[in-house]
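Descriptive structure summary
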Amino acid sequence: MEKVNKNYGLIKNYGNGQFLDSDAEKIDIYSPLDGSIIGQTYSSGMKELDEIVQKAKLAQPKWAALSMKSRSQVMYKYRELLLKNRDELAEINHIENGKTLDEAYGGVDKAIEIVEYACSIPSTAPNRVQMVSRGVECKTEYVPLGVVSSITPFNFPVMVPHWTTPQALMMGNAVVLKPSELTPICSAKMGELLKEAGLPDGIFNVVNGGKDIVEAICDHPDIKAISFVGSTPVAEIVYRRASSNLKRVLALGGAKNHLIVTPDAHTEMASNDILAAATGMAGQRCMAASVVIAVGDSDHIVKAICEKAEKLIPGDTMSTIISEAAIAKIVAYLERVEKAGAKILVDGRKFKAKYDNGGYFFGPSVIDYRGTNVEMPAEEIFGPTLEILGAENIHEAFEIQQKSPYGNATSIFTQNGRSAMEAASMMDAGMCGVNIGVPVPRDPFSFGGIKGSKYGHGDITGESSLEFWANLRKLTTKWNPEDKTDWMS
Ligand code: NAD
């Protein structure tokens, strides 16, 4: 590809079933594939948000009054439309985010999988009824919250809005989605497709912009719950601000995922999986492998990773970086640790990209701290970088992993069952793996980290998400007048 040659025009806010004009300032949208401007969107604020929320508030009770099964009919139809529009969505995902086409299709397919889970909610949601005492029955029921919001990052423009939207809708809420201002085009398409699927106007809405609109969402009195996915500093800001306004908040943050590698690990499998986990989507995913803790003499595996990394071609076998600013941040990190004395085994600054078209290309990098007295910085890089630490035994490796301020994912590569079992109980993260680089739990298992990778209770997908998007009403009934009347009879 030389040039993208595509312009999506002005990506407007979407409210009450229509795209809305606004006099808000506009933000340019760039394609990382060639650095060209592919459209614009609004930098919205409280005024735009309130207009949308007021309509959503009026529409939501009717949607909530439908049975879950009726709501799922819209979701089934939406799934069909996602399949029908799979190519177009993957193309937008590729162009606005810079993923390879394969990765872009992967993001759409994962979104479809979550919609399938949402379709199953009427059959699988754990509504319970029990005779709690003689003649006394207790049952639980999910009750929608009202208008809720989902704030999403740039790195998965199709998948992450689907981590939240299908379940929030299925639970009977009206949703206001705030996509990243860097990648808002797929979310506009979601509005079109949900309308075509039969979703009533006002139930799914999109409001565009950056910091101002996020602050407005945190402050709006009629938004009852907010899910946020993005970097840890912003997750913390959103969590504090929205919860101080007494909203329900779940804020997922960044990560620096440690993979432990023992000398007996399967060299081919471990090196392939770890490299793919570090460089897939150019390392711009919260589940990316960021750090290898090489236990004992595992250097043969580190060497295999480096040899394979040298063969990757940015813009061909590896995706682009989201912006020039993000590349500058990765370069600054490399310079900082190199100057301190870390060894750069593979240097992303020296890679040649497939195209010379202005795209935001950067090569994979491997930074080795073993045998030096340089301390690895705790912060997330969010690029195709892998940092290597050494440990004498797995217990030392567990200690290093446990000290990370993040707790999204971690994994061990070993062929020793005992090491695997020990790791399973020692790894300090929300999502742990054995011989897997990206231990993403797929539905109905839920997605979510711990420590600095998540503020709030519960997870964002799977069964755990149902209680986030609803209140649990408990109804206790007694119809037999002959039964005793004392409490708890
Ligand atoms: P980001 O934090 O910069 O932006 C996320 C959202 O917050 C965007 O919608 C953005 O408009 C908004 N925002 C940005 N700065 C803000 C501010 N100062 N005040 C209020 N709102 C603000 O994140 P990003 O760069 O879009 O995405 C990458 C980050 O997301 C990485 O740190 C990655 O690890 C994380 N991430 C985490 C998960 C997870 O599941 N834990 C998943 C995907 C991405």
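See above for the structure.
These notes cover the structure that comes with them. (Residues numbered from 1 in each chain as written. Predicted model: local features only at pLDDT ≥ 70, side-chain atom pairs only at ≥ 80, totals over all residues. Heavy atoms only, no water.)

**A few points about the site of the ligand**
Just so we agree on the cut-off: The nearness test applies per residue and asks whether one of its heavy atoms lies within 4 Å of the molecule or strand. Here a polar contact means two N or O atoms within 3.5 Å. Within protein one must be a hydrogen donor candidate and the other an acceptor candidate, and residues neighboring in sequence count only if both atoms are side-chain atoms. The accessible surface values rely on the Shrake-Rupley method and a 1.4 Å probe; as for residues, cover is taken only from the protein chains in view. To qualify as a helix, a DSSP run of H or I must reach at least 4 residues; to qualify as a strand, a run of E must reach at least 2; elements of each kind are numbered from the N terminus. Polar here means any residue outside two lists: the nonpolar Ala, Val, Leu, Ile, Met, Phe, Trp, Tyr, Cys and Pro, and the charged Asp, Glu, Lys and Arg; Gly therefore counts as polar.
Taken together, 28 residues sit near the ligand, with K178, E181, S231, G253 and E380 positioned nearest. Between T152 and the ligand, the recorded distance is 2.8 Å, taken from a backbone N or O atom to an oxygen atom. Residue E181 places a side-chain N or O atom 2.6 Å away from an oxygen atom belonging to the ligand. Compared with its free state, where it exposes 840 Å², the ligand has 88% of that area covered by protein. Of all the secondary structure elements, the ones that give two or more residues to the shell around the ligand are α7 (211-219) and β11 (223-229). A class-by-class count of the residues in the shell around the ligand yields 14 nonpolar, ten polar and four charged.

**Here we look at the packing of helix α5 (residues 159-170) against helix α6 (residues 185-196)**
The relative placement of two packed helices comes down to the angle between their axes together with the axis-to-axis distance. Here is the rule: Under this scheme, a helix contributes an axis fitted over its contacting stretch, all axes are lines through C-alpha atoms, and angles between N-to-C directions fall in the 0 to 180 degree range. For classification, angles of less than 35 degrees are called roughly parallel, those exceeding 145 degrees roughly antiparallel, those between 65 and 115 degrees roughly perpendicular, and all remaining angles oblique. Note: crossing handedness is left-handed where the near helix turns anticlockwise from the far helix by less than a right angle, and right-handed where it turns clockwise. By definition in these notes, contact holds between two residues if any of their heavy atoms fall within 4.5 Å.
Packing of α5 against α6 leaves a shortest axis separation of 12 Å and a crossing angle of 30 degrees. Comparing the axis directions of α5 and α6 gives the class roughly parallel. The two elements α5 and α6 meet at a crossing, and its hand is right-handed. Here α5 contributes P161, H162, T165 and L169 to the contact with α6, which in turn contributes S187, M190 and L194. Residues of the contact of α5 with α6, tallied by class, amount to four nonpolar, three polar and no charged.

**Quick word on the pattern of salt bridges**
Under the convention used in this document: A carboxyl oxygen of Asp or Glu within 4 Å of a side-chain nitrogen of Lys or Arg is what we treat as a salt bridge. Burial here depends on accessible area, computed with a 1.4 Å probe over protein chains only, as a share of the maximum for the residue type. Under 20% is buried, over 50% is exposed, and the range in between is partly exposed.
Tallied over the full model, the rule gives 32 salt bridges. Taking the shortest distance from any N to any O, the salt bridge between K57 and D222 comes out at 3.4 Å. Remark: D222 occurs in the loop between α7 and β11 and K57 occurs in helix α1 (residues 46-65); sequence separation between them is 165 residues. Judged by its relative accessible area of 17%, D222 is buried. The partner of E181 in a salt bridge is K178, and the shortest N-O contact between them spans 3.6 Å. Since its relative accessible area comes to 27%, E181 is described here as partly exposed.

**Digging into the environment of G390**
Counting through the fold element by element, G390 comes out in strand β17 (residues 385-391). Assessed through its relative accessible area of 33%, G390 is described here as partly exposed. For the pair formed by G390 and D299, sequence separation is 91 residues and the distance between their alpha carbons is 9.6 Å.

**Overview of unusual backbone geometry**
Each neighbour pair has its own omega, and for D443 with P444 the value is 10 degrees, a cis peptide bond. Within the secondary structure layout, P444 lies in the loop between β20 (431-434) and β21 (450-451). Of note, the phi angle at N5 is positive, near 55 degrees, even though the residue is not glycine. Considering the arrangement of structural elements, one finds N5 in the segment before β1 (10-11). The backbone phi angle of F382 is positive, close to 65 degrees, even though this residue is not glycine.

**Quick word on the packing of helix α2 (residues 68-84) against helix α4 (residues 101-124)**
The interhelical angle for the contact between α2 and α4, taken along N-to-C directions, is 160 degrees, at an axis separation of 9 Å. On the basis of the axis angle, α2 is roughly antiparallel to α4. Crossing handedness for the pair α2 and α4: left-handed. Contact residues: M68, K69, S72, M75, Y76, Y78, R79, L82 and L83 in α2; I112, V115, E116, A118, C119, I121, P122 and S123 in α4. The class makeup of the residues in the contact of α2 with α4 is twelve nonpolar, two polar and three charged.

**As for α2**
Just so we agree on the cut-off: For a helix, the expected span equals 1.5 Å multiplied by the number of residues minus one. The arc in question is formed by the directions pointing from the helix axis toward the C-beta atoms.
In this model α2 runs 24 Å from its N-terminal to its C-terminal C-alpha over 17 residues, within 8% of the 24 Å that 1.5 Å per residue would give. Every buried residue belonging to α2 is among M68, R71, S72, V74, M75, Y78, L81 and L82, and all of these are buried. Looking straight down α2, one finds its buried side chains confined to an arc of 165 degrees; they lie on one side. Across from the buried face of α2, at angles greater than 90 degrees, the exposed residues are K69, Q73 and K84. Check the buried side of α2 and you find it contacts α1, α3 (86-97), α4, β7 (136-144), α5 and α6.

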